[in-house]
Amino acid sequence: MLKSKDILGLEEMDVGDIELILETAESFKEILRRDIKKVPTLRGKSVVNLFYEPSTRTRSSFELAGKYLSADVINFSKATSSVAKGETLKDTAKTIEMMGVQVVVIRHPVPGAPHMLARYLDAGVVNAGDGAHEHPTQALLDLYTIKEKKGRIRGLKVAIIGDILHSRVARSNIWGLKKMGAEVVVAGPRTLLPPFIEELGVRAYTRVEDAIEGADVVNVLRIQMERQKKGLFPSPREYAIIFGVNAERLKLAKKDVLLMHPGPMNRGIEISSDIADGESSVINEQVTNGVAVRMAILYLLNGGGKFGEKDN
């Protein structure tokens with residue numbers, strides 16, 4: 001079982017819980033290969049997706065994960081809930097919990113919102129992204145993908161490229177990868193690198209080539225186009241020329257490099273189409289692995305041990 005009732009971030013998660021989630025996800029990945037994917041594991045349990053920001057991939061992934069486990073899944077969005085009438089996050093969550101919900105999955109623009117929620121609720125709380133702070137389930141699916149393809153994480157060099165400053169994916173990945181023994185380097189425009197990033201135990205570069213050289217894994221982050229309007233990076237065309245990951249730059253990595261991206265992609269800007277669809281890319285597999293990892297998390301938060309030991 002997990003040591004906590006919540007999944008709030010990888011900064012505070014210990015290695016044992018990370019390993020348990022990855023091992024459990026491996027068993028659920030097998031279910032996703034079946035023609036009939038539904039199992040009765042969480043029948044009678046309820047999961048609420050409480051999203052205060054738009055999301056397609058993450059919300060759909062959690063919804064499918066819950067439904068494949070036979071849980072009842074309810075989707076709440078800011079626009080269609082009482083939040084639009086001024087109800088507080090605490091009151092919304094308490095109302096939901098009184099309905100008998102076991103897990104609340106929350107995405108919120110304010111860093112720390114899931115942590116606050118977890119203090120008030122007996123139900124498990126899963127952080128599906130809180131501002132620019134963390135996105136732990138994305139990092140866990142990235143860790144799972146790396147381990148699945150490489151057989152290990154320890155000792156690998158992982159390069160994270162793009163907007164590190166505003167990326168919750170980057171932060172969760174850095175904390176998770178470092179705990180699992182990987183070497184982590186980051187690269188991007190100087191305006192998109194946090195000033196004290198190296199205090200997290202990573203090396204930072206403003207030349208993409210320096211970061212990619214000799215990398216086992218290259219994880220390309222989505223460029224948020226609104227940043228361009230604030231003058232934090234050149235035009236999209238200039239960004240692609242100076243910082244975009246393309247076939248020529250990818251040649252600097254190991255021959256068996258894994259190319260990753262959390263999606264959705266801005267093709268031709270942060271990543272070129274030829275490599276996004278190339279043999280090094282595991283971008284589509286990340287989507288499948290995201291469902292398996294989120295199935296594992298929902299299962300473990302409902303008191304399960306490693307799936308397959310006595311639940312299969």
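Residues numbered from 1 in each chain as written. Predicted model: local features only at pLDDT ≥ 70, side-chain atom pairs only at ≥ 80, totals over all residues. Heavy atoms only, no water.

J.: Is there a simple way to think about the pattern of salt bridges in this case?
T.: Any two side chains of opposite charge can pair if their charged atoms end up close together. Overall, the coordinates contain 17 salt bridges when judged by the stated rule. Ionic pairing is found between Lys3 and Asp14, a salt bridge with its closest N-O pair at 3.4 Å. Separated by 11 residues along the polypeptide, Lys3 in the segment before α1 (15-32) and Asp14 in the segment before α1 bring together distant segments of the chain. According to the relative accessible area criterion, Lys3 is exposed, its value standing at 62%. When its relative accessible area of 30% is taken as the criterion, Asp14 is described as partly exposed. When the shortest N-O distance is used, the salt bridge between Lys94 and Glu97 registers 3.5 Å. (Salt bridge = Lys/Arg side-chain N within 4 Å of Asp/Glu carboxyl O. Helix = DSSP H or I, 4+ residues; strand = E, 2+ residues; numbered from the N terminus. Buried < 20%, exposed > 50% of the residue type's maximum accessible area, 1.4 Å probe, protein only.)

J.: I'm lost on the UniProt feature "binding site: carbamoyl phosphate" (unreviewed entry) in the protein in this one. Help?
T.: Mapped onto this structure's residue numbering, the UniProt feature "binding site: carbamoyl phosphate" (unreviewed entry) falls at Arg57, Thr58, Arg107, His135, Gln138, Gly263 and Pro264. Tracing the chain through its elements places Gln138 in helix α5 (residues 136-150). Once residues lying within four places of it in the same chain are set aside, the contact partners of Gln138 are Val169, Pro262, Gln286 and Arg294. Within the secondary structure, Pro264 sits in the loop between β9 (258-260) and α11 (273-276). Assessed through its relative accessible area of 45%, Pro264 is described here as partly exposed. Discounting chain neighbours no more than four positions away, the residues touching Pro264 are Arg57, Arg222 and Glu270. (UniProt positions renumbered as here; feature names shortened; annotations may be inferred. Contact = heavy atoms within 4.5 Å.)

J.: Honestly, the nonpolar core in this entry has me stumped. Any pointers?
T.: Proteins that are soluble and globular tend to have nonpolar side chains buried together. The biggest cluster of nonpolar side chains holds 63 residues, and the ones touching the most others in it are Ile21, Leu143, Ile160, Leu177 and Met295. No other element matches the 10 residues that helix α12 (residues 283-301) contributes to this core. Residues in contact with Leu143, not counting those within four places in the same chain, are Leu10, Ile18, Leu22, Ile153, Gly176, Leu177 and Met180. Core analysis: the second largest hydrophobic core is formed by 25 residues, Ala159, Val245, Ile275 and Ile283 among them. (Core = buried A, V, L, I, M, F, W, Y, C linked by side-chain atoms within 4.5 Å.)

J.: Would you explain α1 in this entry?
T.: For an α-helix, the turn length of 3.6 residues means that residues three or four places apart are oriented alike. Here α1 contains 18 residues, and its C-alpha end-to-end distance of 26 Å stays within 8% of the 26 Å for a straight helix at 1.5 Å per residue. Of the residues making up α1, those classed as buried are Asp17, Ile18, Leu20, Ile21, Leu22, Thr24, Ala25, Phe28, Lys29, Ile31 and Leu32. In this fold, the buried residues of α1 make contact with α2 (57-68), α5, α6 (168-179) and α12. Where α1 begins, one side-chain oxygen reaches toward the backbone nitrogen of Gly16, 3.2 Å away; that side chain belongs to Asp14. (Expected span 1.5 Å × (residues − 1). Polar contact = N/O pair within 3.5 Å; in protein donor to acceptor, adjacent residues only side chain to side chain.)

J.: Honestly, the packing of aromatic side chains in this entry has me stumped. Any pointers?
T.: The description of an aromatic ring pair uses the distance of the two centres, along with the angle that the planes make with each other. Enumeration according to the criterion identifies three aromatic pairs in this entry. Their ring planes at 70° and their centres at 5.3 Å tell us that Phe233 and Tyr239 sit as a pair that is edge-to-face. Here Phe233 and Tyr239 have matching classes, each one buried. Summarising the aromatic geometry, the rings of Tyr239 and Phe243 are spaced 5.3 Å apart at their centres and angled 40° between planes, so their arrangement reads as tilted. Accessibility expressed as a relative area gives 8% for Phe243, which makes it buried. Among the aromatic residues, those joined into a cluster by ring pairs are Phe233, Tyr239 and Phe243. (Phe/Tyr/Trp six-rings, centres within 6.5 Å; stacked < 30°, edge-to-face > 60°.)

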